[in-house]
Amino acid sequence: VLTEEQNDRLTLVGPGTPMGELMRRYWQPIAGVSELNDKPTKAIRLLCEDLVLYKDESVRFGLIDASCAHRRVNLLFGIPEDPGLRCPSHPWKYDETGQCLEMPAETPDSTFPSRVKLKAYPVQTLGGLVFAYLGPQPAPLLPHYYPFVEECRVRSIGWTVVTCNWLQ
């Protein structure tokens, strides 16, 4: 029988926890590429972090903090542009690295946008899935397992919510 501390050590995956730090060192599948065809943003809860996955107009994927740096508006309702995602409220624009690109109320010579950056994580697509890496840089190579890269393979990608922790 595990103690509460032993159970927490094995099952908690938030930032700074032992298993959270371990799980962040692997690419995690977070969505199907086709999920962003009709609606270009998707709420993602991954390893106890609330994030937004988006596909911009140039078909670049980004995974950034769910809340805008200005007034914490949820970027799930953001507007995809080329490049990046624009906040629906005021409207600051961010790229896939979380860097603020535009603040419409700032003067053209302002350096303020360059000092605003959201938490962001690299993403890659492979075999119809979107994978995210939340660990330290440099990120390892995304494994090109045979079922993901084989030509002429029929793939069916789906998801379900399973009410348990990762270990169960």
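Scroll up to find the structure.
Report on the accompanying structure. Bear in mind the structure is a predicted one, so any value in this text is a computation, not a measurement.

**Section: the sheet that holds strand β10 (residues 123-126)**
In spatial order, the strands read β1-β11-β10; together these three strands make up an open sheet with antiparallel pairing. Each having just a single partner strand, β1 (28-32) and β10 make up the two edges of the open sheet. The mean angle between the axes of side-by-side strands here comes to 35°, regardless of whether they run parallel or antiparallel.

**As for unusual backbone geometry**
Pro83 follows Asp82 through a cis peptide bond whose omega is -5°. Note that Pro83 resides in the loop between β5 (79-80) and β6 (85-86). A cis amide bond, omega 0°, links Gln137 with the succeeding residue Pro138. For Pro138, the position within the fold is in the loop between β11 (129-132) and α3 (146-149). Phi is positive for Cys48, which is not a glycine, with a value near 65°. As for its position among the elements, Cys48 is in the loop between β2 (41-46) and β3 (49-55). Given a relative accessible area of 42%, Cys48 falls into the partly exposed group. With phi around 60°, Cys152 is a residue other than glycine that occupies positive phi space. A relative accessible area of 83% means that Cys152 is categorised as exposed.

**Examining the pairing of β3**
Burial analysis of β3 places six of its seven residues in the buried class, which makes it a mostly covered element. In the sheet, β2 pairs with β3 via six bridges, with the strands oriented antiparallel. Residue pairing across strands places Arg45 opposite Asp50, the latter belonging to β3. What sits between β3 and strand β4 (residues 61-65) in their antiparallel hairpin is a turn of five residues, with Val59 showing a positive phi close to 65°.

Cut-offs and rules
Residues numbered from 1 in each chain as written. Predicted model: local features only at pLDDT ≥ 70, side-chain atom pairs only at ≥ 80, totals over all residues. Heavy atoms only, no water. Pairing = 2+ DSSP bridges. Helix = DSSP H or I, 4+ residues; strand = E, 2+ residues; numbered from the N terminus. Axes fitted to C-alpha atoms, helices over the stretch in contact; angles between N-to-C directions. Buried < 20%, exposed > 50% of the residue type's maximum accessible area, 1.4 Å probe, protein only.

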